[in-house]
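Structure assessment
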Amino acid sequence: MFIIGMRTGLGGKSLVDVELANAGKVPPVFPAHKITTGDIVGLDEYSKDKPTKELGTKWSAVVLKITDTKITLALDQEEDLPTDIQEKCQIVKLANSITYERMLKGLERLQKRCTGEEGGTNNLINVLLGQSQLSPVQSVNDINFFDETLNDSQREAVRFALGSPEIALIHGPPGTGKTYTLVEIIRQLSINQNKKVLVCGPSNISVDNLVERLSQHKMNIVRVGHPARVLPTVLNHTLDIITCTCDSGQIVSDIRKEMDETLSNIKKSKSRLERRNMYDLIKSLRKEYRVRERKVVDEVLTNAQVTLSTINGAGSKTMMNKEFDVVIIDEATQALEAECWIALLKAKKAILAGDHLQLPPTIKTPPSREKSNSEKKRRKRGVLSIDIDLTTTLFDRLLSMYGDNVKRMLMVQYRMHQKIMEFSSRELYENKLVAHDSVAEHVLADLPDVQSTENTDIPVVMIDTSDTGLGHEMTADDDEEQSKANELEVELAVHHIRALMDDGLTEDQIGVITPYAAQVARLKRDIRETWPAIEIGTVDGFQGREKEAIVLSLVRSNDDGEVGFLAERRRLNVAMTRAKRHLCVICDSDTLLGTKRTSNSKNSNVDGGFIKRWMEYLNEEADLRFSEFINL
């Protein structure tokens, strides 16, 4: 590959465009690769004999944009690339250790605060570590709500969050309008209480969702994060764009323009001395650029009412010494506790929002099953013990310490037909969830241009393969994790999708989900060619998402009653609550009911009978159909 262009990008970062060299096709097209936008890559001089592991030790970059013929990189280093690399280079995807390093630094800072080496602790830290009790919640009944459509449980959650001196948990079950509640809390804090607010989330998507909602109101908001990793719809609210377009940023833009012109001249020059002099000029301009830009950045962040970033982004150099009145962590139940401390140390009050009854953060290293008595006592007291068990989130730990005194739950859901919601509410949410009148009875037939049929008039369908008397699951031999698949369920899913499409549904209204990656691959194989816009993914990937109709393939069908990680009730809770108007569950009820299960079966009692009770519920409440009676 070779570099075809260099210029100055957002934030003064050097951008380079890379194309294939000596390609057989014109224009040259990259072969299949796994590099995507936002990845960190190493850039080095091309050499056949150079080991891949040595790449990127000095020059690293973030992938800004990818096309079939060109990759645009934003360099992290300030040094200029040698001519040899510009003329012949190679890139390789690198592991991202930044999050890990920032978590460690956050815990080190916490330790210094606790030992008095760095300013000492505050009430928030003491409460989070179980060293102090919660302070009494202050009364805030006389507030005027910006959003008058909020229901009673949302309003109570807002009052509770505003009145809690140290910590408040907002428990938002599926479809209960958690984002609208958070937007109201943020507006109350920043506008009515004149507080500086930091809003974080574990992923760029969760943060950008809040940016989109907040941008609809007249507020001074700033999104901190690499432009390559944010949604295009929120790009104008990023720190990089604001520093380029605000009045005080015009001088910075002039310097950037001069840098671009100099970079362009370097490519044209054939004299080494002349190129060297121009590189020296760029270094001088870059130094002045950084000084001026730093002042503009400080000004923008100081004037911002609300600053938004990922939790990891709160530990960036830009945010290093920034302090806030309140930190809000959305989807806190999907974040490691160690990660949360990166943001928590920046404020004296915190609000965590999420649902601990949906999937937690992914932990690749399983926790030790045996814990000493001393370890158990530490966890019972709520003492920070991250090295013991990463699967316990801060949200979980605070609930175990303080119970309902620290949280408020949202109780009205605006997504699902009441029959789709009913089992989840009864089993996991103390039967407190109520379907709003606007969704309680809605079905697919109520949508424009959709016919009234046996599918579109029914909210829940169960297609049972137990009537075959056979086990249909298989293990994917080509999958390193030995994932499971089920070809019969793929055929049944395709059949049901075809029926829904014939009834008038559009592809973007249908989602197909399954717990297993191998089943996702087979579903894509048989669905994508005919209906390319139908979204297909794992249950984990669909968390926080919704579709008018969901086809759910549970895959497990065997003679031993093995259910694998379907025994995780939080995964099933996500699976059964993605549909708005129609949920079709394809499964082998005998396997999942436990009728085939033996005393030696794995996961026999892990879920406490949750999946068995769900199967019993579906048998009673769903439109039950058997696979052998379906004409495939």
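This structure is a prediction, so every number in the text was calculated from the model and none was measured.

Moving on, we come to helix α10 (residues 337–344). Structural remark: α-helix, 3.6 residues per turn; residues separated by three or four positions point the same way. With eight of eight residues buried, α10 lies mostly within the body of the structure. Where the residues of α10 are buried, they touch α2 (98–115), α3 (123–128), β8 (197–201), β11 (326–329), β12 (350–354) and α12 (394–402).

Ranked by internal contacts, the top residues of the largest apolar core, which has 51 residues, are I167, L344 and L352. Setting aside anything within four residues of it in sequence, one finds I167 in contact with L124, V127, L128, L134, A350, L352, L398 and V406. In this structure, M409, F423, L433 and L583 belong to the second largest nonpolar core, which totals 41 residues.

Spatially, β1-β2-β5-β4-β3-β6 is the arrangement adopted by the six strands of the open sheet, whose pairing is antiparallel. A single partner strand is all that each edge strand has here, and the edge strands are β1 (2–8) and β6 (89–93). The average undirected angle you get between the axes of adjacent strands in this sheet is 35°. With three bridges connecting them, strand β3 (residues 40–45) and strand β4 (residues 60–66) associate as antiparallel partners. From the neighbouring strand, I40 faces β4, where its bridge partner is V62.

It is worth spelling out the sheet that holds strand β23 (residues 623–626) at this point. What the six strands build is an open sheet, ordered β20-β19-β21-β22-β16-β23; its pairing is parallel. Because the sheet does not close on itself, it has two edges, and the strands there are β20 (535–538) and β23. On average, each strand axis in the sheet is tilted by 20° relative to the strand beside it, whichever way the strands run. Together, β16 (460–464) and β22 (579–587) form the strand contacts of helix α13 (residues 418–428), whose direction differs from that of β22 by roughly 65°.

What follows deals with the side chain of K407. Among the secondary structure elements, K407 is positioned in strand β13 (residues 407–409). Looking at K407, its side chain comes within polar contact range of the side chain of H171, at 3.3 Å. For K407, the residues in contact, after removing those within four places along its chain, are F160, L169, H171 and L399.

Moving on: the confidence of the model for the protein chain. Interpreting fine coordinate detail is not advised for predicted regions of low pLDDT. Overall, the predicted model of the protein chain reaches an average pLDDT of 87, with 89% of residues at or above 70. Counted against residues more than four places away or in other chains, residues 381–387, with its pLDDT under 50, gives 20 contacts.

Considering all chains together, one arrives at three aromatic pairs under this definition. Between the aromatic rings of F423 and Y617, the centroid separation amounts to 5.6 Å while the plane-to-plane angle is 40°, which identifies the pairing as tilted. With F423 in helix α13 and Y617 in helix α18 (residues 610–621), the pair connects residues that are 194 residues apart, well separated along the chain. On the basis of relative accessibility, which here comes to 1%, the residue F423 falls in the buried class. Residue classification places Y617 among the buried residues on the basis of a relative accessible area of 6%.

Along the chain, A228 falls in the loop between β9 (221–223) and α7 (239–245). For the pair A228 and L64, spaced 164 residues apart in sequence, the C-alpha to C-alpha distance is 4.7 Å. Those residues in contact with A228 that lie beyond four places of it in its chain are T37, V62, V63 and L64.

A few words now on the pattern of salt bridges. All told, the structure shown has 26 salt bridges when counted by the stated rule. We note a salt bridge from K580 to E546, for which the minimum N-O separation is 3.8 Å. Taken together, the residues span a long stretch of sequence, with K580 in strand β22 and E546 in the loop between β20 and β21 (547–553) at a distance of 34 residues. Looking at K580, the relative accessible area reads 19%, which means it is buried. For K580, the salt bridge identified is with E548, shortest N-O distance 3.3 Å. You can see K580 sitting in strand β22 and its partner E548 sitting in strand β21, a full 32 residues away along the chain. Overlapping salt bridges, with partners in common, bring together R415, E546, E548, K580 and R581 in one network.

Our next topic: the environment of S400. The topology assignment puts S400 in helix α12. Of the polar contacts made by the side chain of S400, one reaches the backbone oxygen of R397; its length is 2.7 Å.

Another point: the packing of α13 against α18. In the contact formed by α13 and α18, the axes pass within 11 Å of each other and the chain directions differ by 145°. α18 is crossed by α13, and the crossing has right-handed handedness. Listed contacts from α18 to K419, E422, F423, R426, E427 and L428 of α13 are F610, R613, W614, Y617 and E621. Here the residues of the contact of α13 with α18 sort into five nonpolar, no polar and six charged.

The description of two packed helices rests on the angle between their axes and on the distance between the axes. Where α2 contacts α10, the axes come no closer than 8 Å and their chain directions differ by 65°. With respect to α10, the axis of α2 lies roughly perpendicular. For the pair α2 and α10, the crossing hand works out as left-handed. In contact with T99, R102, M103, L107 and L110 of α2, α10 contributes A338, E339, W341 and I342. Among the residues forming the contact of α2 with α10, the class breakdown is six nonpolar, one polar and two charged.

About the criteria used
- Residues numbered from 1 in each chain as written.
- Predicted model: local features only at pLDDT ≥ 70, side-chain atom pairs only at ≥ 80, totals over all residues.
- Heavy atoms only, no water.
- Buried < 20%, exposed > 50% of the residue type's maximum accessible area, 1.4 Å probe, protein only.
- Helix = DSSP H or I, 4+ residues; strand = E, 2+ residues; numbered from the N terminus.
- Contact = heavy atoms within 4.5 Å.
- Core = buried A, V, L, I, M, F, W, Y, C linked by side-chain atoms within 4.5 Å.
- Pairing = 2+ DSSP bridges.
- Axes fitted to C-alpha atoms, helices over the stretch in contact; angles between N-to-C directions.
- Polar contact = N/O pair within 3.5 Å; in protein donor to acceptor, adjacent residues only side chain to side chain.
- pLDDT = per-residue confidence, 0-100.
- Phe/Tyr/Trp six-rings, centres within 6.5 Å; stacked < 30°, edge-to-face > 60°.
- Salt bridge = Lys/Arg side-chain N within 4 Å of Asp/Glu carboxyl O.
- Left-handed = near helix turned anticlockwise from the far one by under 90°.
- Nonpolar A, V, L, I, M, F, W, Y, C, P; charged D, E, K, R; others polar.
- Parallel < 35°, antiparallel > 145°, perpendicular 65-115°, else oblique.

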